[in-house]
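Residue-level structure breakdown
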Amino acid sequence: MPLVGYAPSDGNAPEATVVGVVENTRYVIGAVRTQPELCYSYRQIPGGLPVETVTLLARTGGEWRLPAAALRMAARDTDPRLIADRVLPLEDRVLTMLARPRLYAVVLGAFAACALVIAGVGLVGVLSYSVSLRARELAIRAALGAGRADLLRLVLRQGLVVTAAGICVGLVASLWLMQVLSSQLYGITSHDPVTFLVVPLFLLTAGVAASLAPAVRAAILDAQAVLRST
């Protein structure tokens, strides 16, 4: 096949032999999708590399600063025009490239946590207000034979209905935002089934926990005191 990407000025691209095929890899961190890449030896390129910047990877052991100084000296001795301006560990390079996605993840996680707390407090407030409005109804139910477990299930069911409705709306919104968020995801896809299973279960558990206090309040309601007061 022709040697793609580094053809000489005369347009006659030299031939190269494919010796192997590897799995898809993100060459540039943060790329939306993988792209076709060719890797070959610089010895196959006539006239050297027609680029101004070259990335050199070197395996070292222990402290990296001493080999970094040696690399700078070797580059300067080879050609005074060569400048090793950025010598750093591969881990630091990866962390630098992931700094912005990490920031987005932290900010979105913080907003999500705040939204969960606000939703939980709001659900507690709504159900507590509902229990206070339905105090006479709950007292009549208790007087007619409804047990505490029945009243507990009644309020919990109301909280679960509100929580389930919110989860359904959130799932519809997430389907709409998939394309926007897909470029910020790493290691998972925008259609990850585990995420769409775990997150709703977590939100459902949070809704049950938020509904528990008003439900217990309704279960221990003093029916006689409520009926006398009204």
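To keep things clear, this report deals only with the structure shown in the data block. The structure presented is a predicted model; accordingly, all values stated were derived computationally and were not measured. Going along each chain's sequence as written, the residues are numbered from 1 onward. Thresholds applied to this predicted model are a pLDDT of at least 70 for local features of residues and 80 or more for the giving and counting of side-chain atom pairs; totals over whole chains, interfaces and linings are not thresholded and use all residues. By convention in this description, side-chain values take in all heavy atoms of the structure and omit both hydrogens and water.

Remarks on the nonpolar core
Nonpolar cores were defined as sets of buried Ala, Val, Leu, Ile, Met, Phe, Trp, Tyr and Cys residues, with membership established by side-chain atoms within 4.5 Å. A simple rule labels every residue: compare its accessible area, found with a 1.4 Å probe on the protein chains alone, to the largest value its type can have, and call it buried under 20%, exposed over 50%, or partly exposed in between. In terms of nonpolar packing, the biggest core is built from eight residues, these being V131, L138, L151, L154, V155, L156, A215 and A218. Segments assigned H or I by DSSP are reported as helices when at least four residues long, segments assigned E as strands when at least two residues long, and all are numbered from the N terminus. Looking at this core, the elements with two or more residues in it are α5 (148–181) and α6 (193–219). At four residues, α5 tops the list of elements feeding residues into this core. Ignoring any residue separated from it by four or fewer positions in sequence, one finds A215 in contact with L152, V155 and L156. By the convention used here, residues are in contact when the closest approach between their heavy atoms is within 4.5 Å.

Quick look at the environment of R72
Mapped onto the secondary structure, R72 falls in helix α1 (residues 65–78). R72 sits in the partly exposed class, given a relative accessible area of 34%. Between the alpha carbons of R72 and I83 there is a distance of 7.4 Å; along the sequence they are 11 residues apart. In this view, R72 contacts A84 and V87; residues no more than four positions away in its chain are not counted.

Some details on α5
Between the first and last residue of a helix there are one fewer steps than residues, each counted as 1.5 Å, and that sum is the expected span. Counted at 1.5 Å a residue, the expected span for α5 with its 34 residues is 50 Å, and the 46 Å between its end C-alpha atoms agrees. At L175, α5 shows its largest bend, some 40°. For a residue, the bend is simply the angle between two axes, fitted respectively to the seven-residue segment ending there and the seven-residue segment starting there.

Overview of helix α3 (residues 99–133)
Between the first and last C-alpha of α3 there are 51 Å, a value that for 35 residues agrees with the 51 Å anticipated at 1.5 Å per step. Along α3, the positions that sit buried rather than exposed are P101, G120, L123, L127, S128, S130 and V131. As for α3, its buried residues are in contact with α2 (90–97), α4 (135–143), α5 and α6.

A look at a nonpolar patch on the surface
Grouping into patches uses exposed residues only, defined as over 30% relative accessible area, and leaves out salt-bridged ones; the cut-off is 9 Å for like charges and 5 Å for nonpolar side chains (Val, Leu, Ile, Met, Phe, Trp, Tyr). For accessible areas, the Shrake-Rupley method is used with a probe of radius 1.4 Å. Any residue's cover is judged against the shown protein chains and nothing else. The salt bridge criterion pairs a side-chain nitrogen of Lys or Arg with a carboxyl oxygen of Asp or Glu, the two atoms within 4 Å. On the surface, L103, Y104, V107, L108, F111, W176, L177, V180 and L181 cluster together into a nonpolar patch covering about 950 Å² of accessible area. Looking at the nonpolar patch, the elements that each hand over two or more residues are α3 and α5. By residue number, the principal contributor to the nonpolar patch is α3, which donates five residues. Within the element layout of this structure, W176 appears in helix α5.

With respect to the side chain of T163
You can see T163 is positioned in helix α5. A distance of 2.9 Å separates a polar side-chain atom of T163 from the backbone oxygen of G159. Not counting chain neighbours up to four residues away, the residues in contact with T163 comprise L123, L203, L204 and G207. We call two N or O atoms a polar contact when they sit within 3.5 Å, provided that within protein one can donate a hydrogen and the other can accept it, with sequence-adjacent residues counted only if both atoms are side-chain atoms.

Looking at the packing of α3 against α5
Where α3 contacts α5, the axes come no closer than 11 Å and their chain directions differ by 140°. Relative to α5, α3 is oriented oblique. In this structure, α3 crosses over α5, and the sense of that crossing is right-handed. Packed against α3, whose contacting residues are L123, L127, S130 and V131, the element α5 presents V155, Q158, G159, V162 and T163 at the interface. Any residue outside Ala, Val, Leu, Ile, Met, Phe, Trp, Tyr, Cys, Pro, Asp, Glu, Lys and Arg is labelled polar, Gly included; the first ten of those are nonpolar and the last four are charged. When the residues that make up the contact of α3 with α5 are grouped by side-chain class, the tally is five nonpolar, four polar and no charged. For helices, the fitted line uses only the C-alpha atoms of the stretch in contact; every axis is such a line through C-alpha atoms, and the angle between N-to-C directions lies from 0 to 180 degrees. For classification, angles of less than 35 degrees are called roughly parallel, those exceeding 145 degrees roughly antiparallel, those between 65 and 115 degrees roughly perpendicular, and all remaining angles oblique. When the near helix sits turned anticlockwise from the far one by under a right angle, the crossing is termed left-handed; a clockwise turn instead gives a right-handed crossing.

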